[in-house]
Amino acid sequence: KIISGQQEIYGSGNDGNYELEFDFIKDLTGKYPAISGFDFMNYNPLYGWNDETTERVIDWVKNRGGIATASWHINVPKDFDSYELGEKVDWQQCTYATATTFKTEDCVKEGTKENDYWNEAIKMLAEQLQRLQDEKVPLIFRPLHEAEGNVNTDGSGAWFWWGKAGAKVYVQIWKYLYEKLTKDYGLHNLIWEQNLYAWSPESIQWYAGDEYVDMIGYDKYNTVYNRHDGIGGVVYMILFMGVGRLLADRKSGSAGMP
C-alpha cells in the first residue's frame with residue numbers, strides 16, 4: 001500500500017493559508033492526502049511565535065482522521081558568540097544552516113552556552129509535544145533532518161548546523177534529543193523518523209541506531225542539485241526500523257496511540 005502526504009508551507013507562507021496545497025490536491029484528485037507534514041520551527045528561544053502548529057496537528061488527527069508528521073527547523077543566532085541567552089533576535093539574524101558561530105559539538109556538552117541554548121529549545125518543543133500527548137495524538141517526528149547533506153562523514157557536505165560537526169557528533173545530538181524528550185519530559189507519543197538525505201555507504205555512520213529510531217526516511221529532489229554522481233529523478237523510500245520497541249511501547253500503553 002502507498003499512503004500519500006503533503007508538507008504544509010511553514011512560517012505563515014502563502015499569506016498564512018496553510019491549506020493552499022491541500023485544497024489544490026483535493027480539487028485536482030477529489031481527495032486530501034492521508035498524511036500532513038508540519039514544522040515546529042516557530043517555537044524557538046529567539047523570535048518564537050505561536051503559529052498554531054500544535055492546534056493544526058491536533059485537528060488533522062482528531063477531527064480530520066489524518067496522520068501527522070513534523071520536522072523541526074530549529075534556528076540558532078548567526079552570531080552566537082555575542083548572543084546572550086534569553087535575548088530576542090530578529091529572524092533574519094537567525095539560521096538553521098551552517099552560517100553560524102554556534103559550535104555544534106558543544107551543544108551536548110554540559111556547562112557550555114550552546115548546551116544551555118539547546119536545552120531551552122528542547123524545553124519549548126517539549127511543551128508543544130506534551131499537548132499532543134495529552135490529546136492522545138501520535139506524531140511521526142522527523143527532527144534534525146537531512147543531516148548528511150552531500151555525501152560525507154566529517155560535516156563538510158552538511159547543509160544544516162546540526163550536521164556540520166560530522167556524523168559522530170550528529171549521532172550524539174540525536175541521542176541527546178531522544179533522551180531528553182522521552183526520559184526527562186516523558187513523551188511517548190512520538191514515532192522517531194531519521195532522515196539523512198543521501199543514499200551512500202557513508203550514510204550508516206550517521207544512523208543513531210535501532211534503539212533510537214523507529215523509521216528511516218530518504219528524500220530525493222527531482223534535479224541533479226547537490227548530487228555528485230549526476231543522477232536525477234525522485235526516489236522516496238521509507239524503511240521501518242526498530243519496530244519491536246515501538247510495538248512493545250504500544251502494548252504497554254506508553255506510546256500514546258489511540
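Residues numbered from 1 in each chain as written. Predicted model: local features only at pLDDT ≥ 70, side-chain atom pairs only at ≥ 80, totals over all residues. Heavy atoms only, no water.

**Student:** Break down the packing of helix α3 (residues 113-134) against helix α4 (residues 167-184) for me, with residues and values.
**Tutor:** The contact between α3 and α4 brings their axes to 10 Å, and the two run at 50 degrees. In terms of orientation, α3 lies oblique with respect to α4. In this structure, the crossing between α3 and α4 has a hand that is right-handed. In contact with Asn115, Trp118, Asn119, Ile122, Leu125, Ala126 and Leu129 of α3, α4 contributes Ile173, Tyr176, Leu177, Lys180 and Leu181. (Axes fitted to C-alpha atoms, helices over the stretch in contact; angles between N-to-C directions. Helix = DSSP H or I, 4+ residues; strand = E, 2+ residues; numbered from the N terminus. Parallel < 35°, antiparallel > 145°, perpendicular 65-115°, else oblique. Left-handed = near helix turned anticlockwise from the far one by under 90°. Contact = heavy atoms within 4.5 Å.)

**Student:** Which residues make up the pairing of strand β7 (residues 190-195), and what values go with them?
**Tutor:** Extensive coverage of β7 is indicated by the burial of six of its six residues. Of the two faces of β7, the one carrying Leu190, Trp192 and Gln194 and the one carrying Ile191, Glu193 and Asn195 are both buried. Between strand β6 (residues 139-143) and its parallel partner β7, the chain crosses via α4, and the hand of that crossover is right-handed. Note that β7 and strand β8 (residues 215-218) share three bridges and pair parallel. The residue of β8 that forms the bridge with Asn195 is Gly217. (Buried < 20%, exposed > 50% of the residue type's maximum accessible area, 1.4 Å probe, protein only. Right-handed = clockwise from strand over helix to strand, strands pointing away. Pairing = 2+ DSSP bridges.)

**Student:** An account of the nonpolar core is needed here, citing residue identities and associated values.
**Tutor:** Phe40, Trp72, Trp118, Leu139 and Leu181 are the most contacted members of the largest nonpolar core, which totals 60 residues. Elements represented by at least two residues in this core include exactly α2 (53-63), β3 (67-72), α3, β6, α4, β7 and β8. Element by element, the count of residues in this core is highest for α4, at nine residues. Those residues in contact with Leu139, other than ones at most four positions away along the chain, are Phe40, Val57, Ala68, Thr69, Ala70, Leu129, Leu132, Asn189, Leu190 and Ile191. (Core = buried A, V, L, I, M, F, W, Y, C linked by side-chain atoms within 4.5 Å.)

**Student:** Account for the packing of aromatic side chains, with residues named and values stated.
**Tutor:** All told, the structure shown has 21 aromatic pairs when counted by the stated rule. Relative to Trp174, the ring of Tyr170 lies with its centre 6.5 Å away and its plane at 50 degrees, an arrangement referred to as tilted. Of this pair, Tyr170 and Trp174 both sit in helix α4, four residues apart, roughly one helical turn. Trp174 carries the same exposure label as Tyr170, and that label is buried. An aromatic cluster of three or more residues is present, and its members are Trp72, Phe80, Tyr83, Tyr96, Phe102, Tyr117, Trp118, Phe160, Trp161 and Trp162. Taking the ring centre of Tyr32 as reference, the NZ or CZ of Arg64 above it sits at 5.3 Å. Against the face of Phe80 rests Lys113, its NZ or CZ located 4.7 Å from the ring centre. (Phe/Tyr/Trp six-rings, centres within 6.5 Å; stacked < 30°, edge-to-face > 60°. Lys NZ or Arg CZ within 6 Å of the ring centre and 35° of its normal.)

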